[in-house]
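# Observations on the model geometry
Read off the chains here:
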Amino acid sequence: MSLLTLAAFAATGAVPNDWAVLGACFALGLAAVLFIFFIQPDASDLAPHRSKLDQLLERRDTIYDNMRDLRFEYRAGKYSEGDYEAMKNSLELEAAQVLVEIDQVTESQTKRPRGPKTAAPSEGSR
């Protein structure tokens, strides 16, 4: 409040009781400062984003949805056969590239030996 406002209240004999409001504002400001500068984020907030495999699987599903929609729109007469074939070939090529990337990612995650299995010697043969 300004000094003129306080002087006006003092002259009329009415003194505002703003201490409660001032205290609440101060407490709110202090809580905001403490929250911003001193509260640490939860560990789940720091979790990594989606993996590369998740992104590729989502992309594959999107391409399949686009292919299905393209086929529906072609049958509905929205595209000529030439346009349909060009877009279909483009989507099929993109799908093939995504599938190759999915294979590469899953192969790198599960490195297994691909050599011939050796049979364990049987106990009956000596």
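First things first, this report covers the structure right here in the doc. (Residues numbered from 1 in each chain as written. Predicted model: local features only at pLDDT ≥ 70, side-chain atom pairs only at ≥ 80, totals over all residues. Heavy atoms only, no water.)

## Considerations on the nonpolar core
Definition in use: To form a nonpolar core, buried Ala, Val, Leu, Ile, Met, Phe, Trp, Tyr and Cys residues must be joined to one another through side-chain atoms within 4.5 Å. A simple rule labels every residue: compare its accessible area, found with a 1.4 Å probe on the protein chains alone, to the largest value its type can have, and call it buried under 20%, exposed over 50%, or partly exposed in between. Strands here mean DSSP runs of E at least two residues long; helices mean DSSP runs of H or I at least four residues long; both are numbered from the N terminus. By the convention used here, residues are in contact when the closest approach between their heavy atoms is within 4.5 Å.
In terms of nonpolar packing, the biggest core is built from 11 residues, these being Leu53, Leu56, Ile63, Met67, Leu70, Tyr84, Leu91, Ala95, Val98, Ile102 and Val105. When contributions to this core are tallied by element, the ones reaching two or more residues are α3 (52-75) and α4 (81-109). Residues in contact with Ile102, not counting those within four places in the same chain, are Leu53, Leu56, Leu57 and Arg60.

## With respect to the pattern of salt bridges
Put simply, the rule reads: The term salt bridge refers to a side-chain nitrogen of Lys or Arg lying within 4 Å of a carboxyl oxygen of Asp or Glu.
Overall, the coordinates contain six salt bridges when judged by the stated rule. Put simply, Arg59 and Glu94 hold a salt bridge, and the shortest N to O gap is 2.0 Å. Remark: Glu94 occurs in helix α4 and Arg59 occurs in helix α3; sequence separation between them is 35 residues. With its nearest N and O atoms 3.1 Å apart, the salt bridge here joins Asp61 to Arg60. Judged by relative accessible area, which is 37%, Asp61 ranks as partly exposed. We classify Arg60 as partly exposed; its relative accessible area is 24%. One network of salt bridges, with partners in common, ties together Asp65, Arg68 and Asp69.

## Details of the packing of α3 against α4
Test applied: As a rule, the C-alpha atoms of each element are fitted with a line to give its axis, helices using only the stretch in contact, and angles between N-to-C directions run from 0 to 180 degrees. Geometric relationships in this document are graded by angle, where less than 35 degrees denotes roughly parallel, more than 145 denotes roughly antiparallel, 65 to 115 denotes roughly perpendicular, and other angles denote oblique. The crossing is said to be left-handed when, going from far helix to near helix, the turn is anticlockwise and less than a right angle, and right-handed when the turn is clockwise. Residues are grouped as follows: nonpolar covers Ala, Val, Leu, Ile, Met, Phe, Trp, Tyr, Cys and Pro; charged covers Asp, Glu, Lys and Arg; every other residue, Gly included, is treated as polar.
Relative orientation of the contacting elements α3 and α4 amounts to 160 degrees, with a least axis distance of 9 Å. The angle between the axes of α3 and α4 places the two elements in the roughly antiparallel class. Of the two possible hands of crossing, α3 and α4 adopt the one that is left-handed. Looking at the contact of α3 with α4 residue by residue, the classes come out as 16 nonpolar, three polar and nine charged.

## What to know about α3
The following threshold applies: Every helix has an expected span of 1.5 Å times one less than the residues it contains.
Its 24 residues place the ends of α3 35 Å apart at the C-alpha level, agreeing with the 34 Å of an ideal helix rising 1.5 Å per residue. Of all the residues in α3, the buried ones are Leu53, Leu56, Ile63, Met67 and Leu70. Considering only its buried residues, α3 is in contact with α4.

## Structural notes on a nonpolar patch on the surface
Applied cut-off: Two distance rules govern patches: like charges are joined within 9 Å, and nonpolar side chains (Val, Leu, Ile, Met, Phe, Trp, Tyr) within 5 Å, applied only to residues with over 30% relative accessible area and no salt bridge. Per-residue accessibility takes into account occlusion by the displayed protein chains alone, with areas from the Shrake-Rupley method and a 1.4 Å probe.
The grouping of Phe26, Leu30, Val33, Leu34, Phe35, Ile36, Phe37, Phe38 and Ile39 at the surface amounts to a nonpolar patch, some 1,000 Å² of accessible area in total. Relative to the elements of secondary structure, Phe38 occurs in helix α2 (residues 19-38). With a relative accessible area of 58%, Phe38 lands in the exposed category.

## Describing the packing of aromatic side chains
Here is the rule: Ring pairs shown here join Phe, Tyr and Trp side chains whose ring centres sit within 6.5 Å, with only the six-membered ring taken for Trp; geometry is labelled stacked below 30 degrees between planes, edge-to-face above 60, and tilted in between.
Going through the model one piece at a time under the given rule, you end up with one aromatic pair. Taken together, a centroid distance of 4.1 Å and an interplanar angle of 15 degrees make the contact between Tyr74 and Tyr84 stacked. Here Tyr84 lies in helix α4 and Tyr74 lies in helix α3, a separation of 10 residues in the sequence. Relative accessible area serves as the criterion here: at 27%, Tyr74 is assigned to the partly exposed category. Tyr84 gets classed as buried once you look at its relative accessible area, which sits at 10%.

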